[in-house]
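Listed below are the residues making up each chain.
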Amino acid sequence: MSYNLSDVLLKFGINCGASSYGNGHINDTYLTDDGKYILQRINGNVFKDPDGVMNNILEVTKYMREALKKLGRDYERETMTVINTVDGKPYYLTDQGDFFRVYLFISDTVTYQTVENAEVFYNAAIAFGNFQKMIADFPAHKLNETIKDFHNTKVRYENFKKSVEQNKSGRAEQVKEEIKFVTEREHYCDVVNEAIKEKTVPLRVTHNDTKLNNVLMDKKTGKGVCVIDLDTVMPGSLLYDFGDSLRFGTNTAREDEVDLSKVTCSLEYFEAFTKGFMEVMADTMTEKEIELLPFSAILMTFECGMRFLADHIDGDKYFKISRPNHNLDRARNQFKLVYDMEQKLPQMKKIVNKYR
Ligand code: ADP
Ligand code: GN1
Ligand code: MG
């Protein structure tokens, strides 16, 4: 569905055009021509409840704004600011059922699509750690579950098996090796679930999508400015945030690199992130959380690869693709990374122990 973006922006009282911006797999992001606002079309296939999503974002950003105000900090830079429509609503629902929202554009920042050096990743870890710390006491009951069982790996596994059984695209026969890679690792799926159940890993308010390009870094200082992409802020485990950052950031290649010899887990980057995250969070972490940090990197990479493979078998219904077999390439890439992390688990444990 294509929209006239100027018409959409008028709904927010903004008289301007806009063009594509950013690299997300789910939503469509645009920057207004005057450089002042970010416009986003939210993927209604993924986020079925616009009120639920926007309510979470409004509550969390309000909470952060108040905290930042008290600290005398720049709350228009360090948290997202939602711009209402002229009717006073936080989003605009189109006749086609899509919804758009607008944020203030946070200027003089950069986002990285890969880790360029260890310092970038260390700074990202501090930013994600601080975000987690800042919302630690946010009342979780105010949050809607915007995507049910988002990081429940067991449920993801069950859904994966359904995708294979249904085989909607007819592609399952061609990916037997990859399916086997997943089923051989079924035992991973319940490790964090069990720890949550037995309360050795506490439920916290977590971000749940801590890719490197979801933190804006200051152009001059390189330090984290603002954690963005708050659609999946929900109760979850700190292990999801830690693991997902490492999934993306320790990969020595892009997430969709097809030359798998380039895909390895950088222990240097693992250490940089661990150092930063532990500096901020170690004093609030339980023994079990610390113990599971290295495994969480494997788990989140495995889960993401399984989701890419399921979507390939479903016929590419969830993640945006820009070439044939894109989701299969992404899945193979993640599985190579899982394999490499499995080999490096002892070294990863040593690094965590160094910073505990
Ligand atoms: P997606 O859910 O599709 O990943 P994001 O919310 O992460 O969408 O936005 C995509 C990209 O747009 C980000 O990686 C970032 O570069 C940029 N971006 C998003 N919001 C802002 C903002 N308020 N200020 C500056 N840049 C932003
Ligand atoms: C999606 O929206 P984006 O590109 O930041 C996905 C994440 C995956 C990631 C893989 C809502 O993140 O869960 O880890 O792609 N977001 C959603 O790159 O499903
Ligand atoms: Mg994003």
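Residues numbered from 1 in each chain as written. Chains lettered and ligands numbered in written order. Predicted model: local features only at pLDDT ≥ 70, side-chain atom pairs only at ≥ 80, totals over all residues. Heavy atoms only, no water.

## Focus on the domain arrangement of the protein
The test is simple: As used throughout, domain bounds are those supplied by an automatic or database domain assignment. Between two residues, a contact is recorded if the distance between any of their heavy atoms is within 4.5 Å. Throughout, the accessible surface (probe 1.4 Å) given up by two parts as they are put together, summed over both, is called the buried area. We define a salt bridge as a side-chain nitrogen of Lys or Arg found within 4 Å of a carboxyl oxygen belonging to Asp or Glu. The definition of a polar contact used here is a pair of N or O atoms within 3.5 Å, where within protein one atom must be able to donate a hydrogen and the other to accept one, and adjacent residues in sequence count solely through side-chain atom pairs. Helix and strand assignments come from DSSP, with helices taken as H or I runs of at least 4 residues and strands as E runs of at least 2, each series counted from the N terminus. Under the scheme applied, nonpolar residues are Ala, Val, Leu, Ile, Met, Phe, Trp, Tyr, Cys and Pro; charged residues are Asp, Glu, Lys and Arg; polar residues are all the others, including Gly.
Per the domain assignment, the segments of the protein are domain 1 (5-107) and domain 2 (118-355). Using only C-alpha atoms to locate each centre, domain 1 and domain 2 end up separated by 25 Å. Each partner contributes residues to the interface: domain 1 has 28 residues there, and domain 2 has 30 residues. Both sides together, the interface formed by domain 1 and domain 2 hides about 2,500 Å², and carbon and sulfur atoms give 62% of it. Among the residues of domain 1 in contact with domain 2, His-25, Asn-56 and Tyr-63 are the three that bury the most area, contributing 28% of the side total. Applying the counting criterion to the domain 1 and domain 2 interface returns four salt bridges. Its salt-bridge partner being Asp-218, residue Arg-77 comes within 3.4 Å of it at the nearest N-O pair. Counting across the domain 1 and domain 2 interface gives 11 residue pairs in polar contact (both at pLDDT 80 or more). Taken together, the elements giving at least two residues each to the side of domain 1 that touches domain 2 come down to α2 (50-70) and α3 (75-78). A total of 12 residues in the side of domain 1 that touches domain 2 trace back to one element, the largest contributor, which is α2. Here the residues of the side of domain 1 that touches domain 2 are counted per class, giving 12 nonpolar, 11 polar and five charged.

## Comments concerning the coordination of the magnesium ion (ligand 3)
Let me state the cut-off plainly: For Na, K and Ca the donor cutoff is 3.2 Å, while for all other metals N, O and S atoms count as donors only within 2.8 Å; water does not appear among the atoms, so some sites may look incomplete. The rule is simple: take the accessible area with a 1.4 Å probe, protein chains only, and divide by the maximum for that residue type; under 20% is buried, over 50% is exposed, in between is partly exposed.
Coordination sphere of the magnesium ion (ligand 3), protein contribution only: Asn-214 (OD1) and Asp-229 (OD), at 2.1 to 2.2 Å. One end of the pair, Asn-214, is in the loop between β8 (204-206) and β9 (215-218); the other, Asp-229, is in the loop between β10 (224-227) and β11 (234-236), with 15 residues separating them in the sequence. For Asn-214, a relative accessible area of 5% gives the class buried. Given the relative accessible area of 25%, Asp-229 is considered partly exposed.

## Brief notes about the pattern of salt bridges
One pass over the full model with this rule turns up 27 salt bridges. The partner of Glu-184 in a salt bridge is Arg-185, and the shortest N-O contact between them spans 3.5 Å. Assessed through its relative accessible area of 43%, Glu-184 is described here as partly exposed. Overlapping salt bridges bring together Asp-28, Arg-41, Asp-98 and Lys-320 as one network.

## Describing the site of ligand 1
Let me state the cut-off plainly: Working definition: residue near molecule or strand if any one of its non-hydrogen atoms lies within 4 Å of it. Only the protein chains shown count as covering a residue, and every accessible area follows the Shrake-Rupley method with a 1.4 Å probe.
Residues in contact with ligand 1 amount to 16 residues; listed here are only the nearest, Gln-40, Ile-106, Asn-213, Asn-214 and Asp-229. The separation between a nitrogen atom of ligand 1 and a polar main-chain atom of Leu-104 is 3.0 Å. In this structure, an oxygen atom belonging to ligand 1 sits 2.9 Å away from a side-chain N or O atom of Asn-214. Coverage of ligand 1 by the protein amounts to 96% of the 550 Å² it exposes when considered alone. Class assignment for the residues of the shell around ligand 1 results in seven nonpolar, eight polar and one charged. Split by domain, the residues of the shell around ligand 1 number at least three in each of domain 1 (5-107) and domain 2 (118-355).

## Describing the pairing of strand β2 (residues 28-32)
Quick reminder of the rule: The pairing criterion is simple: DSSP has to find at least two bridges between the two strands.
Counting buried positions along β2 yields five of five residues, so the element is predominantly enclosed. Across the two faces of β2 the burial is the same, with Asp-28, Tyr-30 and Thr-32 and Thr-29 and Leu-31 all buried. With three bridges connecting them, strand β1 (residues 18-20) and β2 associate as antiparallel partners. For Ala-18, the partnering residue across the bridge sits in β2 and is Thr-32. As paired elements, β2 and strand β3 (residues 37-42) share four bridges and run antiparallel to each other. Note that in β3 the partner of Thr-29 across the bridge is Gln-40. From the end of β2 to the start of β3, which pair antiparallel, there are four residues, and Gly-35 there has a positive phi angle of about 70°.

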